[in-house]
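Chain and residue survey
What follows is each chain in one-letter form.
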Amino acid sequence: MKRKVFLILFLLWMAVVFLFSHQTGTNSSKTSGVIVKEVVKVITIIKEVPEDKIGDLTSKVSFLVRKSAHFSIYAVGGILMFLLLKSYNFSNIRALLCAVGICFCYAVSDETHQTLVAGRSGQFRDVCIDTAGAMTGVVFTMIIGGIVNKIKNLKNNQKNLKKGIAINPN
C-alpha cells in the first residue's frame, strides 16, 4: 500500500513540475510575481529602501524566489522518490543515489521541455539547483528517519527493561 501511495505522489509531483514548466514566460513571471511583491513589501516595511533601488530589490528577490521554488519542489521530489525506493528495501545509500539520479534526469528533461515553451529557456544552473534540492530533501529525510528510529529503539528498550528483558545495545 505504501508503495502505491509513494508512486502516485511522485507521479503527481512530476505532473505539477510539468505544469509549472509548461507555463509561458509571462505566466510564470506572474505566478512568482505574486510572492515577489509580498516579499518586497515586507522588506520595505522592515528596512527603508530608496525608491530608485526598489527595481534592483525586486529583481534580486525575484531571482531568489524562483530559484527557491526550484530547490524546494525538487526537495519534495527527492523525498518522495527516496521513500518509494525505501519501500522496496533499498539501502539508504542506494536509495539516496537512485532518488537523486532520477530527480537529476527529470530536471534535465524539465529544462529541455522549457526550451520548447514560449518565453522560457532551459538552464543548466537550474538542473544543478534542482539536483541540490533533491539531495537536500533525501538527506533531511534520512536524518529524520534516523532520529525516529533511535527514539523507537529507546522506547522499546525502556519497555523491555520494565519487563526484565535484556536490552540489545545496538
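Before any of the text, the structure's been laid out above.
The notes below deal with the structure included here. In this text, all values refer to a predicted model and were calculated from it rather than measured experimentally.

**Some thoughts on the overall build of the protein**
For the protein, the count of helices and strands is five helices and zero strands. Overall, the protein shows an N-to-C arrangement of helices and strands of α-α-α-α-α. The C-alpha atoms of the protein give a radius of gyration of 21 Å, which is well past the 15 Å a tight globule of 170 residues would have. For the protein, the C-alpha atoms occupy an extent of roughly 75 × 40 × 25 Å along the three principal directions. Here the protein holds 170 residues, and 30% of them are scored as buried. In the protein, 69% of the contacts between residues at least 6 apart in sequence involve partners at least 24 apart.

**A short note on unusual backbone geometry**
Here N89, not a glycine, exhibits a phi torsion of approximately 65°, which is positive. On the secondary structure map, N89 appears in the loop between helix 3 (54-86) and helix 4 (92-114).

**Points about the pattern of salt bridges**
Opposite charge on two side chains makes pairing possible when the charged atoms of those side chains draw close. Taken as a whole and judged by the stated rule, the model has two salt bridges. With its nearest N and O atoms 3.5 Å apart, the salt bridge here joins E38 to K41. Taken as a pair, E38 and K41 lie in helix 2 (residues 25-46) at a separation of three residues, close to a single helical turn. Overall, the relative accessible area of 42% leaves E38 in the partly exposed class. Salt-bridge contacts for D126 lead to K67; the nearest nitrogen and oxygen are separated by 2.6 Å. One end of the pair, D126, is in helix 5 (residues 124-163); the other, K67, is in helix 3, with 59 residues separating them in the sequence.

**Considering the layout of surface pockets**
Of the volumes computed, that of the largest pocket is approximately 520 Å³. S28, R66, A69, H70 and R120 are, among the 25 residues lining the largest pocket, the residues nearest its centre. Contributions of two or more residues to the lining of the largest pocket are made by helix 1 (2-21), helix 2, helix 3, helix 4 and helix 5. Here the element with the most residues in the lining of the largest pocket is helix 3; it accounts for seven residues. Looking at the lining of the largest pocket residue by residue, the classes come out as seven nonpolar, twelve polar and six charged. Here the second largest pocket defines a volume of roughly 300 Å³.

**A word on helix 2**
The end-to-end C-alpha separation of helix 2 is 31 Å, in line with the 32 Å expected for 22 residues at 1.5 Å each. Where helix 2 bends most, the angle comes to about 35°, and this point is G33. Every buried residue of helix 2 is accounted for by G25, S28, S32, G33, V36 and V40. Elements in contact with the buried residues of helix 2: helix 3.

Criteria and cut-off values
- Each chain has its residues counted from 1, following the order in which its sequence is written.
- Given that the model is predicted, a residue must reach a pLDDT of at least 70 before its local features are reported, and side-chain atom pairs must reach 80 or more before they are shown or counted; all residues, however, enter totals for whole chains, interfaces and linings.
- As a convention, hydrogens and water are excluded, and side-chain values are obtained from all of the structure's heavy atoms.
- Comment: elements are numbered from the N terminus, with helices defined as DSSP H or I runs of at least four residues and strands as E runs of at least two.
- For the radius of gyration, the atoms used are the C-alpha atoms, and the globule rule reads 2.2 Å times the number of residues raised to 0.38.
- We call a residue buried when its accessible area falls under 20% of the maximum for its residue type, exposed when it is over 50%, and partly exposed in between, using a 1.4 Å probe and counting protein chains only.
- We call two residues in contact when some of their heavy atoms are within 4.5 Å.
- What counts as a salt bridge is simple: a side-chain nitrogen of Lys or Arg found within 4 Å of a carboxyl oxygen of Asp or Glu.
- Here a cavity means grid points, on a 1 Å grid over the protein atoms only, where a 1.4 Å probe fits yet cannot get out; a pocket means an open set of points with protein on both sides within 12 Å along at least five of seven lines; lining residues are those with an atom within 4 Å of a point.
- Grid points are joined across faces, edges and corners, and a volume is the space filled by probe spheres set on the points.
- Gly is placed with the polar residues, together with every amino acid not listed as nonpolar (Ala, Val, Leu, Ile, Met, Phe, Trp, Tyr, Cys and Pro) or charged (Asp, Glu, Lys and Arg).
- One less than the number of residues in a helix, times 1.5 Å, gives the span that helix is expected to have.
- The quantity called bend is, for any residue, the angle between two axes fitted respectively to the seven residues ending at it and the seven beginning at it.

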